[in-house]
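# Working through the structure, step by step
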Amino acid sequence: DAEELETSLVQKMMDTAGFFQKAVFMGHLNEHTDVVDFLMDEPNVVARINPIILNTVRKYLDLTPKAVISDWNDFSTYSFLDTRDKSAVIADNMEYLTRKGEDIIYAVSIWIIGDFETLAGKRLLSNALQYLKTSSNMRIGIVNNHADELSEGNTPTARAIQAALLTQNGNTAKSFITNLVKEETAEALTLGAKILKFAVKGMDNDAFEKKYNTIGINFIRTQQLFCQDVLKLLPGQEAVVSNGRILGPFNEGEEFQPEDFSLLEKTTISTSAEKIKTQIKEIGVNSKSGSDLVMKTDALLSSTLKEESRRDVKFPKDRLSVVKIPPQEGVHYDVFAIVDPLTREAQKLAPLLRVLAQVINMKLDVFMNCRSKLSEMPLKSFYRFVLEPEVVFTGDNHLSTGPVAKFAEMPESLLLTLNMITPENWLVEPVRSSCDLDNIHLQEVEGMVSAEYELEYMLLEGHCFDASTGQPPRGLQFTLGTKKNYDMMDTIVMANLGYFQLKANPGAWLLRLRKGRSEDIYQIFEHEGTDSAADSDDVVVVLNSFKSKILKVQVQKKPGKVNEDLLGDGDLEGKGIWESLTSFAGGLQSEEIQKEDNTLNIFSVASGHLYERFLRIMMLSVLKHTKSPVK
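- In the nomenclature of an unreviewed UniProt entry, the protein chain is known as UDP-glucose ceramide glucosyltransferase-like 2 of Callorhinchus milii.
- Quoted verbatim from the Subcellular location (unreviewed entry) field of the UniProt record, the comment on the protein chain reads "Endoplasmic reticulum lumen".
- Under Sequence similarities (unreviewed entry), UniProt gives the following word-for-word description of the protein chain: "Belongs to the glycosyltransferase 8 family."

Quick look at the structure:
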């Protein structure tokens, strides 16, 4: 939605302005600083956006069980394990590549999953190894997801990678595997080149060749079954697992670049991996066991729902400025309220707490958080929040007249005013009062001052725009009513933001254009916030709540009415000079008839309850004595 986007952008700009102001004030940003570089160096800014990594919906492996078999070459036993045990066997048998083979605990363990006999699988592993050269927090494991029927003849790369991991030291194995996944190596292997042709300096060729020729393909079968049963991948599909978090499968043609591995490492570390690593280092375990423990713990904690734990707040000083109200016997709630007693918020909170104490059993501690200095009295009014804990009935089983606000021990020398603070869409009026509620002087009043208020109407508000121009249709009139009486209430669209409002009561109403020029020129094109279908002829609005309801209505001119002006005189359009002169000379009689049909409009501006009552009396007198229609 364009409007929501604009609102979000403006709000974000306002929030960011404060960040820049603070940076300038602290000296972190000046006229010689590159703002883009400054923003990119912030800890919460990533240099690359990848929706697969930044997606909030995440899936994790369960790595908590102990492996029930020690060797993943035992494929026949592995195939009968459940998904949790299958994951545990893969995790315990995994061999890893690191940057320099340091004996340290790594915070991030990444599994590269793919068919490494294909160019796509080789490219994924090559990108991971390329980033590994610059990372000291990450280690890489390799899982084969072969696409074709397995045999030793079509799995030379997979067997060579595993043989190198088992027989060579870290740097040598990494260099050999890096050389093995190059595209030209794949072409050479296809043409029948021997695997040892790609050996690197310092490599133990005899040990590698022996392992390569005897390793078999059962471990590939095990890894392939893990990909299909646990990761839910199709044969040959690629994915990445980071500390137990599953990313993938990747779509065809979708590549995971070295920059993506950087983002993945940064995201994994920023969540909980680094904190877990710090705690595990204090245990004193070796690199392999410690890194495995970080991976499994991170997967377990990240997969659980984040819930706020209960924390007991202890107050060291709660004797001098605290009001303590003990609970009744039995189970109770602990409620703490911190208020500044000389504020309107405290005036609202006090009756809320009193009602809450009647609804539940609670122990209440109210802390007075007062301001140390006051230049003047902050409260200049008396306030009551009208609220009852339950519906009250009279002795004869009738509903009571309603909640009551009582003011006692009021100052008699001051001139007081009584009014209600209600929601903006409520039209509340006093229906009975013993005196002028705008000018209450208790010294001159005998007895008690009482007033009864009534919710007469609720306002139905909205905004209306012309779908063609985007501007408010000035002078357009709406009516609100029922099928039998369609114009019970009416209103005019204002030029300011196309605002309109209609008085209504709870129920189902029909919103229509007023008969006349509004209905002749315009038609309702689209509406939001209503309770009828978009293609319905009748615009139904249901008021079933005391909350405000705001409509958005778009109208457009009917065919053939595009050039007509709603506020113009449609009868004079197209007349020439002669017709105008004739109308001026001979139209006196029709003007007299028009005067008789003119509607009498009454406008009133009043401030205060007493003046409003005077105006109502005068309006009632007009209605009784005039024969013209009154609006």
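Once you've had a look at it, read on.
### Describing the environment of Ala-23
- By secondary structure assignment, the location of Ala-23 is in helix α1 (residues 2-25).
- Along the sequence, Ala-23 and Thr-530 sit 507 residues apart, while their C-alpha atoms lie 47 Å from each other.
- Once residues lying within four places of it in the same chain are set aside, the contact partners of Ala-23 are His-28, Leu-29 and Phe-38.

### Re the confidence of the model for the protein chain
- In this model, the protein chain carries a mean pLDDT of 86, and residues with pLDDT of at least 70 account for 92%.
- Looking at the elements of the protein chain, mean pLDDT is at its lowest for helix α16 (residues 577-586), recorded as 41, and at its highest for strand β5 (residues 239-242), recorded as 96.
- The low-confidence segment residues 571-593, where pLDDT is below 50, has 3 contacts with residues more than four positions distant or belonging to other chains.

### Structural notes on the environment of Leu-264
- Tracing the backbone through its elements, the reader meets Leu-264 in helix α12 (residues 258-281).
- Looking at Leu-264, the relative accessible area reads 0%, which means it is buried.
- Sequence separation between Leu-264 and Val-313 is 49 residues; the distance between their C-alpha atoms is 37 Å.
- When near neighbours in sequence (up to four residues on either side) are disregarded, Leu-264 contacts Ile-53, Ile-110, Val-240, Ser-242, Leu-247 and Phe-256.

### Side note on the pattern of salt bridges
- Considering all chains together, one arrives at 15 salt bridges under this definition.
- Measuring nitrogen to oxygen at the nearest pair gives 3.2 Å for the salt bridge that ties Arg-371 to Asp-340. Linking Arg-371 in the loop between β9 (362-368) and β10 (415-416) with Asp-340 in the loop between β8 (333-339) and α14 (344-359), this pair joins segments that are 31 residues apart in sequence.
- Take Asp-340: its relative accessible area is 17%, and that puts it in the buried class.
- Linking Asp-490 and Arg-514 is a salt bridge whose minimum nitrogen-to-oxygen distance equals 2.5 Å. Taken together, the positions of Asp-490 in strand β15 (residues 489-492) and Arg-514 in the loop between β17 (507-513) and α15 (517-521) put the pair 24 residues apart, joining distant regions of the chain.
- Take Asp-490: its relative accessible area is 33%, and that puts it in the partly exposed class.
- Arg-514 gets classed as partly exposed once you look at its relative accessible area, which sits at 25%.

Parameters and conventions
- Residues numbered from 1 in each chain as written.
- Predicted model: local features only at pLDDT ≥ 70, side-chain atom pairs only at ≥ 80, totals over all residues.
- Heavy atoms only, no water.
- UniProt positions renumbered as here; feature names shortened; annotations may be inferred.
- Helix = DSSP H or I, 4+ residues; strand = E, 2+ residues; numbered from the N terminus.
- Contact = heavy atoms within 4.5 Å.
- pLDDT = per-residue confidence, 0-100.
- Buried < 20%, exposed > 50% of the residue type's maximum accessible area, 1.4 Å probe, protein only.
- Salt bridge = Lys/Arg side-chain N within 4 Å of Asp/Glu carboxyl O.

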